[in-house]
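# Observations on chain architecture
Given next are the chains, with one letter for each unit.
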Amino acid sequence: MKGVDYWLTEAANVDVDSLVDLFNDAYSQYYVPTVVTAERLINLVAREDISMRNSYIALFGRRPVGVVFLGIRGSRGYICGMGVRIAYQGRGVGELLMRRILKEAETLELDSLQLEVVDRNFRAIGLYAKLGFVPIRVLGVWERGRMPHRKGMGTCDLGDFDVRRVPSFHVLPLVDRFNEIRPCWQNEPTALAKFYSRLSACVARAGSGEAAYALYVDTDEGLYIVDVAASPSLHKGVRQGACEALLERIDLDVPRRMARAHNIPVQGYQGRALQSRGFDIELKQQEMVLCLR
Ligand SMILES: CC(C)(COP(=O)(O)OP(=O)(O)OC[C@H]1O[C@@H](n2cnc3c(N)ncnc32)[C@H](O)[C@@H]1OP(=O)(O)O)[C@@H](O)C(=O)NCCC(=O)NCCS
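Cut-off values and rules
- Residues numbered from 1 in each chain as written.
- Predicted model: local features only at pLDDT ≥ 70, side-chain atom pairs only at ≥ 80, totals over all residues.
- Heavy atoms only, no water.
- Buried < 20%, exposed > 50% of the residue type's maximum accessible area, 1.4 Å probe, protein only.
- Helix = DSSP H or I, 4+ residues; strand = E, 2+ residues; numbered from the N terminus.
- Pairing = 2+ DSSP bridges.
- Domains from an automatic or database assignment.
- Contact = heavy atoms within 4.5 Å.
- Buried area = accessible area lost by both parts, 1.4 Å probe.
- Salt bridge = Lys/Arg side-chain N within 4 Å of Asp/Glu carboxyl O.
- Phe/Tyr/Trp six-rings, centres within 6.5 Å; stacked < 30°, edge-to-face > 60°.
- Lys NZ or Arg CZ within 6 Å of the ring centre and 35° of its normal.
- Axes fitted to C-alpha atoms, helices over the stretch in contact; angles between N-to-C directions.
- Parallel < 35°, antiparallel > 145°, perpendicular 65-115°, else oblique.
- Left-handed = near helix turned anticlockwise from the far one by under 90°.
- Nonpolar A, V, L, I, M, F, W, Y, C, P; charged D, E, K, R; others polar.
- Core = buried A, V, L, I, M, F, W, Y, C linked by side-chain atoms within 4.5 Å.

Attention now goes to the pairing of strand β5 (residues 112-118). Burial runs high along β5: seven of the seven residues are buried. The two faces of β5 match: Ser 112, Gln 114, Glu 116 and Val 118 on one face and Leu 113, Leu 115 and Val 117 on the other face are all buried. Two strands pair when backbone bridges link them, and β5 and strand β12 (residues 280-291) are joined in this way by seven bridges, in the antiparallel orientation. Bridged to Glu 116 within β12 is Glu 287.

Okay, here's the thing in structure tokens:
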């Protein structure tokens, strides 16, 4: 029987260096280069509300060979960091860990579990589908390696927006208001609030109200667009135009050739706005959900 030689312990019982070693082995042949350090792992746990008491490590003897992290926000759970050491893959460890998390979710009376998985990661998708997770939308990892040439490259209505820089905390209440589907786990306002002082923000105003916002960070590797969204009360083309106007303004303020944006939906006005500013999709992720009640 698969998975019988392994036993599980709470992630809180395992030291951070062993976790780092486990992650870097499990993700050593991943679709994007993924290397963690103790500092990165600690930041991830804080940012994504991971509960180490409700997360699990699979042990073979005393050796950690698999990991699954569970983030918890209210009655919603989030699976991340799911990985099994290369030499132990295909032996039932991943399924053992996931079934433990399903039990944990039941005990915690969670309503749902969600996750993101690279759309080419058929192994992981097979595992999640087997347990009842269903895909709900496709999120893009967007990248740009060149500056867009001219202003207003898109075909949408750029409108007449007053674009201005604002403190990032000013924008956080707009995140839930402007996204009809909750943004990805990393971009929920509660997560963004944790590092708001590192974020820059601007809003596009039309008349007296806010029409759109963008949150971004200028990093050593280039510009990072954290989120961009427009009010659902605007017409589709105008929503795209408002986002483009913001992205254009950011390019003027922070003229960086290299730019990235993570987990912005592929379908819809946000993706079209990114495309019109020279971004391409590098990687697609499926967002999957399991409803528990
Ligand atoms: C994805 C991963 C966690 C699966 O763990 P695992 O221990 O190898 O998987 P298991 O042996 O428990 O298999 C459970 C199910 O996964 C799927 N699966 C596993 N290996 C597979 C393969 N090579 N091809 C297709 N499906 C596969 C199957 O549905 C399988 O059920 P089955 O045995 O009834 O067919 C593991 O391969 C891994 O760590 N990969 C690298 C990191 C990663 O991709 N993490 C997921 C990020 S979202």
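Next up on the list: the domain arrangement of the protein chain. Domain annotation for the protein chain reports domain 1 (7-110) and domain 2 (140-287). Centre-to-centre separation of domain 1 and domain 2, based on C-alpha positions: 31 Å. Facing eleven residues of domain 1, the contacting portion of domain 2 comprises nine residues. Between domain 1 and domain 2 lies a buried interface of about 940 Å² when both sides are counted; carbon and sulfur atoms form 53% of it. Joining domain 1 to domain 2, the criterion identifies three salt bridges. Between Arg 76 and Glu 188 there is a salt bridge, with its nearest N and O atoms 2.9 Å apart. Looking at the side of domain 1 that touches domain 2, the elements that each hand over two or more residues are α2 (38-47), β3 (63-73) and β4 (76-84).

Tallied over the full model, the rule gives eleven aromatic pairs. A ring pair is formed by Tyr 30 and Tyr 31, whose centres lie 5.4 Å apart and whose planes are at 75°; its orientation type is edge-to-face. Note on Tyr 30: relative accessible area 27%, which makes it partly exposed. The exposure class assigned to Tyr 31 is partly exposed, which follows from its relative accessible area of 33%. Through a chain of ring-to-ring contacts, three or more aromatic side chains come together here, namely Phe 23, Tyr 27, Tyr 30, Tyr 31 and Phe 69. Between Arg 73 and the ring centre of Trp 185, over which it is positioned, the NZ or CZ distance is 4.1 Å.

Packing of helix α3 (residues 93-107) against helix α4 (residues 122-130) brings their axes to within 11 Å, and their N-to-C directions diverge by 40°. Put simply, α3 runs oblique to α4. For α3 against α4, the interelement crossing comes out right-handed. Across the interface between the two elements, Gly 94, Glu 95, Met 98 and Arg 99 from α3 touch Leu 127, Tyr 128 and Lys 130 from α4. For the contact of α3 with α4, the residue count by class is three nonpolar, one polar and three charged.

To continue, consider the nonpolar core. Core analysis: the biggest nonpolar cluster contains 44 residues, and Leu 192, Tyr 213, Leu 215, Ile 225 and Leu 246 have the highest contact counts within it. Each residue touching Tyr 213, except ones within four places of it in the same chain, is listed here: Val 171, Leu 174, Val 175, Phe 178, Asn 179, Cys 202, Val 203, Asp 227, Val 228, Ala 229 and Leu 246. If you look at the next biggest cluster of nonpolar residues, it comprises 28 residues, including Tyr 6, Ile 125, Tyr 128 and Leu 290.

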